[in-house]
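Below are the chains, spelled out letter by letter.
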Amino acid sequence: MKNIDFAAELHLKLGAPASSTVESLRLMRAFLKLAPRQRFEVIKLVEDLATDEVLPDHPLS
């Protein structure tokens, strides 16, 4: 953030974000940089992990 006064004011009003929030934003930014096919594969992988399905034998992209 280029405006230090604005950032300092937000920090005083809202406090510092939790580390989990910062990590979530980093992951979201990385996800958005992926190609659409890679996004699909990440979503599928997470869904499979969440439902305890077996991972595919072939490597992802």
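Note that the structure is predicted; figures quoted are calculated from it, not measured. The numbering scheme is per chain: residues are counted from 1 as the chain's sequence reads. Totals for whole chains, interfaces and linings use all residues, but because this is a predicted model, local features are given only for residues with pLDDT of at least 70 and pairs of side-chain atoms are given and counted only at 80 or more. Only hydrogens and water are removed before side-chain values are computed, so all heavy atoms of the structure are retained for them.

When helices and strands are counted, the protein chain shows three helices and zero strands. Only DSSP runs of H or I with at least four residues qualify as helices, and only runs of E with at least two residues qualify as strands; both kinds are numbered from the N terminus onward. Sequence-ordered secondary structure for the protein chain, helices as α and strands as β, is α-α-α. Relative accessibility under 20% of the residue-type maximum defines a buried residue, over 50% an exposed one, and the middle range a partly exposed one, all with a 1.4 Å probe and only protein chains included. With 61 residues in all, the protein chain has 3% of them scored as buried. Exposure was quantified through the Shrake-Rupley algorithm and a 1.4 Å probe, taking into account, for residues, occlusion by the shown protein chains and nothing else. Within the structure as shown, the protein chain displays about 5700 Å² of accessible surface, and the carbon and sulfur contribution to it stands at 64%.

Summing up the model confidence of the protein chain, the mean pLDDT is 85 and the portion of residues at 70 or higher is 82%. Here helix 1 (residues 4-14) stands out as the least confident element of the protein chain, with mean pLDDT 87; helix 2 (residues 19-33) is the most confident, with 94. Values of pLDDT, ranging from 0 to 100, describe the predictor's confidence in every residue of the model.

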